[in-house]
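Structure at a glance
The chain contents come next:
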Amino acid sequence: MDQLTEALRIARFTDIVEVQVEDETVYLGASLDLANGGIRWEAMDAEERLSRHLQTKQWILPMLNDTTRNLCYQEAITKATAILNKKIDLSTGQDNEFDDKRIRVLDIGTGSGLLSLLAARSLSSPSVIHSLEMSSSMATLARRAIKANQDQIKDHDIHVLTEHSTEYQPEQRAHLCVSELLESGLLGEGVLPALQDAWDRLLDPEAAMVPQGARVYVAAVQGAWIQDLYGPQARVGNAASISYATSLPQSNDASACSWMLDASEVVYPVHAHHVFLSESDSNCRMLTGAKQVMDVSFLRDALLSGQQATSGKVTLTCTQAGTIHGILVWWELDLWDGIVYSLDPSAMDASRWQDHWKPCVHTIVDNRNVSIGDSITVEVAHDRTRIFVSICNDEDGNTSSSGAKRHRRLPREEERGNCLITPERALQLNDHERLAFYTRGINQALSTKGKDARILDVSDFSLCACIAARGCGATRVISLEGSAKDVPIAAARMCQLGNELPLADASFEIVQCQVEQLTLDVVGGTQIDIVLAEPYYEALEGWHLSEAINYYCIVRALRERGILAEDAISVPASCRVMACAIESHQLHSAYSACGDGCSDSSNKTICDFDHSVINEYGANFESHDLSLSMWQYDYKRISMDVEIGRLNFCNSQNGPVERRVMLSMTRKGQLDALLIWLEYQCSEQVSLSTADRKAYKQSVRMMNGPREVDTGDILMMKTSLLQGANSNGYLIDFVS
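Here's what I pulled together on the structure shown here.

Criteria and cut-off values
Residues numbered from 1 in each chain as written. Predicted model: local features only at pLDDT ≥ 70, side-chain atom pairs only at ≥ 80, totals over all residues. Heavy atoms only, no water. Helix = DSSP H or I, 4+ residues; strand = E, 2+ residues; numbered from the N terminus. Buried < 20%, exposed > 50% of the residue type's maximum accessible area, 1.4 Å probe, protein only. Contact = heavy atoms within 4.5 Å. Salt bridge = Lys/Arg side-chain N within 4 Å of Asp/Glu carboxyl O. Phe/Tyr/Trp six-rings, centres within 6.5 Å; stacked < 30°, edge-to-face > 60°. Lys NZ or Arg CZ within 6 Å of the ring centre and 35° of its normal. Core = buried A, V, L, I, M, F, W, Y, C linked by side-chain atoms within 4.5 Å. Pairing = 2+ DSSP bridges. Axes fitted to C-alpha atoms, helices over the stretch in contact; angles between N-to-C directions. Expected span 1.5 Å × (residues − 1). Parallel < 35°, antiparallel > 145°, perpendicular 65-115°, else oblique. Left-handed = near helix turned anticlockwise from the far one by under 90°. Nonpolar A, V, L, I, M, F, W, Y, C, P; charged D, E, K, R; others polar.

1. Observations concerning the overall build of the chain
Counting its secondary structure elements, the chain contains 16 helices and 35 strands. For the chain, the proportion of its 736 residues judged to be buried stands at 57%. Expressed as a percentage of contacts within the chain between residues at least 6 apart in sequence, the contacts between residues at least 24 apart total 77%.

Encoded structure:
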């Protein structure tokens, strides 16, 4: 049970937790607790967890729909296996590595099984392929996909094993290794440790490797929003900076505390072509050309000799004047001789656009003003699991923080910066308009209830409690912290060290417990007058409609249990759920039934291999939402904005009712998706929209297929918040 408790403690809302009960594996999925608020974990049947896996790991379908990637792997595997085919033809009657006339293949991170299928089809002699996949859900789908394509691989045995490659113990070494252990930052999936172990234990010394390595490129970029990816650095009214949140100071000086997220720890994937090279924002630009800074080899000699370079340095020349806020890093993948897959943003045209691997912004603390012709020196280093970036500060190109020259070295573990929040959360905490919204709302509530009103903050992180006590002068504040991770400690340090709470002649308390455990005695025996929330809940981060519904459920439960006074005020007071229809060829290309360019969701093929099993469980997009930072995407609004639901936090006794909504098209186009955002209100004069804000992701409900629409056409929807809800707390059904 200790293992289960720990698994649930660190799990996110979108995770599937596997539990071994005696000899049976039980799969637990999260859903909102509509009675009390918070998350409850419920057992799922084997089929349900397959759908949940593909829905919540939302990069899987876009990856399978990346035709450029698929064709690169197909061509590389075909060339690699051609060499093996020739070797085995020449081996007849000889003693060599093909002692049983069967080629052995190792597929690390098999996913849907595509690479194993490509290898089997390309080999002229029978083969044994061991396909390793850590996710039991994905391994199940791979077995079914391989079975569906058995007619193309009759002489080949493909065995899908649910295990990590470092735990795999083969009887014989493999002649070919194919893998896809990549992510936007290149190294975060553990490709180097995995392939080093493979060369050491699992592969023949002369084995073929696909892919063979990668090249890393850098360019300097401008974008003031990049400064908001770390910290946070914002101030809240009269409060001290909320960046003072993590490290205990060595003195009584609160400024000795460090940030919750240090700039050196930020690696933020971004659609760089749209953000820096399009005309979407003239203040976001690439200020230099790009240069290669480092090679990363996946081949035997480099990985086993220990001589592979782990750092590189390059000088960039500014082609535009501006302010350098960060360094953009991307990679090119060498799959085989001359076969290259690139994330170069300048080459990301419509035919190559994809939504699974992106260039990454690395932030720098000291922004640098530059003119055309200026040079900067950028250093890059890696520790086999992530890439670190810095700008050299002295004329000789040496990285220096105090004027002393020194060569770039990787930070030791104790030197690594804090990483207690995500860059997305830092964007929220650095959003001044958002912070001003809470300050105004709390001041309005205090003007009604008085400074001595009993206040309860039921969001994770205690931000609103801190604003109330330090920025608005509230004298009796309690903050409820339900997270089991590091957030309660960070909140306590922000409030006590950064903001010196409690202030004189005032009370301020942080209570760590779940909402269902809260009693009137815990809050001092007196009913609460004002309840606050951002709302933010760490486990629900990025799913803002679910966060709003969760807050509604918490407030309703507290009212029912008599913890809130009958006339208690909520900040915010209400939330409108808004939607409009959009056209987006980018989203349609990524989030549709997987296959090579077809629109029919049945019998879809990738490189001529049937992937209909993936579509069966993952392509019902009308049943669930995506969570996307829509400011990075190309799309057009093609309808009016419409309210599809409303949550009244001040009057939560009666749940929201089912609605029938008519969405009228305002232009001719292709209906690809429904865009959903929230509008929080404290009053008619004080509101905050989550649309078109970098601090918020938006919910996107894709259509199962594009619909051609004309001006005046109507999309009928049936929406329901809470009632008959799914795991997210709401339902949206399109009516034919």
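Don't stop here, the text continues.
2. A few points about the pattern of salt bridges
Close approach of charged atoms allows side chains of opposite charge to pair. Using the criterion set out here, one finds 26 salt bridges in the structure. Ionic pairing is found between Arg 144 and Glu 47, a salt bridge with its closest N-O pair at 3.0 Å. Of this pair, Arg 144 sits in helix α6 (residues 136-148) while Glu 47 sits in helix α2 (residues 46-56); the two residues are 97 residues apart in sequence, bridging distant segments of the chain. The shortest N-O distance in the salt bridge between Asp 625 and Arg 701 comes to 2.4 Å. Of the two residues, Asp 625 sits in the loop between α16 (612-618) and β27 (626-628) while Arg 701 sits in strand β33 (residues 698-709), which places them 76 residues apart along the sequence. Accessibility assignment for this pair places Asp 625 and Arg 701 in one class, buried. Through salt bridges with shared partners, a single ionic network connects Arg 576, Glu 643, Arg 646, Arg 659 and Glu 679.

3. A few points about the side chain of Thr 56
Relative to the helices and strands, Thr 56 is located in helix α2. According to the relative accessible area criterion, Thr 56 is buried, its value standing at 17%.

4. Let's talk about the packing of aromatic side chains
For the structure shown, the criterion picks out 10 aromatic pairs. Look at Tyr 552 and Phe 649: their rings are 6.5 Å apart centre to centre, the planes differ by 55°, and that puts the pair in the tilted class. Taken together, the residues Tyr 552 in helix α14 (residues 544-560) and Phe 649 in the loop between β29 (642-648) and β30 (659-664) connect sequence positions 97 residues apart. The class of Phe 649 is buried, set by a relative accessible area of 0%. Three or more aromatic residues joined by ring pairs form one cluster here, namely Trp 225, Tyr 268, Phe 276 and Trp 631. Above the face of the Phe 461 ring, Arg 425 is positioned so that its terminal group lies 5.1 Å from the ring centre. Directly above the aromatic system of Trp 631 lies the positively charged group of Lys 694, at a separation of 4.7 Å from the ring centroid.

5. Some thoughts on the nonpolar core
Within the largest apolar cluster, 234 residues are counted, with the highest numbers of intra-cluster contacts made by Trp 225, Phe 276, Val 378, Val 458 and Ile 549. Trp 225 has contacts with Tyr 268, Val 270, Val 275, Phe 276, Cys 284, Val 361, Leu 427, Trp 631 and Lys 694, leaving out every residue within four places of it along the chain. One finds Leu 4, Val 17, Val 19 and Leu 28 within the second-largest nonpolar core, a separate group that totals 5 residues.

6. A look at the sheet that holds strand β1 (residues 16-21)
Strand order across the open sheet formed by 3 strands is β1-β2-β3, with antiparallel pairing between neighbours. Strands at the two margins of the open sheet, each flanked by one partner only, are β1 and β3 (39-44). Each strand axis lies, on average, 35° off the axis of its neighbour in the sheet, ignoring direction. Pairing analysis gives 6 bridges linking strand β2 (residues 24-32) to β3, with the strands arranged antiparallel. Paired with Tyr 27 across the strands is Met 44, a residue of β3.

7. Re α6
The terminal C-alpha atoms of α6, which comprises 13 residues, lie 19 Å apart, in line with the 18 Å expected from a rise of 1.5 Å per residue. Inspection of α6 places Ser 136, Ser 137, Met 138, Ala 139, Thr 140, Leu 141, Ala 142, Ala 145 and Ile 146 among the buried residues, and these make up the whole buried set.

8. With respect to unusual backbone geometry
The phi angle of most residues is negative, glycine excepted, and most peptide bonds adopt the trans form. Cis geometry marks the peptide bond from Glu 534 to Pro 535; its omega dihedral reads -10°. Mapping Pro 535 onto the fold places it in the loop between β22 (528-532) and α14. In this structure, the amide linkage connecting Val 571 to the following residue, Pro 572, adopts the cis form with an omega of 0°. Within the element layout of this structure, Pro 572 appears in the loop between β23 (564-571) and β24 (574-583). Unlike most non-glycine residues, Ser 462 shows phi in positive territory, near 65°. Even without being glycine, Asp 692 reaches a positive phi, approximately 55°. Its location among the elements puts Asp 692 in the loop between β32 (687-689) and β33.

9. Section: helix α7 (residues 191-202)
The complete set of buried residues in α7 reads Val 191, Leu 192, Ala 194, Leu 195, Asp 197, Ala 198, Trp 199 and Leu 202. On the buried face of α7, the contacting elements are β4 (103-108), β7 (174-179), β8 (203-210), β12 (291-297), α9 (300-305) and β17 (375-382).

10. Quick word on the sheet that holds β4
Read from one edge to the other, the open sheet built from 5 strands follows the order β6-β5-β4-β7-β8, with strand pairing classed as parallel. The open sheet has two edge strands with one neighbour each: β6 (156-161) and β8. Between one strand and the next, the sheet's axes are offset by a mean angle of 20°, whatever the strand orientation. Pairing of β4 with β7 involves 4 bridges; the strand directions are parallel. Looking at the pairing, Ile 108 lines up with Ser 179 of β7.

11. Some thoughts on the packing of helix α11 (residues 432-449) against helix α12 (residues 463-471)
Remark: α11 packs on α12, axes separated minimally by 10 Å, with the N-to-C direction vectors making an angle of 55°. Here α12 runs oblique to α11, going by the angle between their axes. The handedness of the crossing between α11 and α12 comes out as right-handed. Here Arg 434, Leu 435, Tyr 438, Thr 439 and Ile 442 of α11 come into contact with α12, specifically with Leu 463, Cys 464, Ile 467 and Ala 468. Looking at the contact of α11 with α12 residue by residue, the classes come out as 7 nonpolar, 1 polar and 1 charged.

Fair warning: the whole summary comes from geometry, so function is off the table for now.
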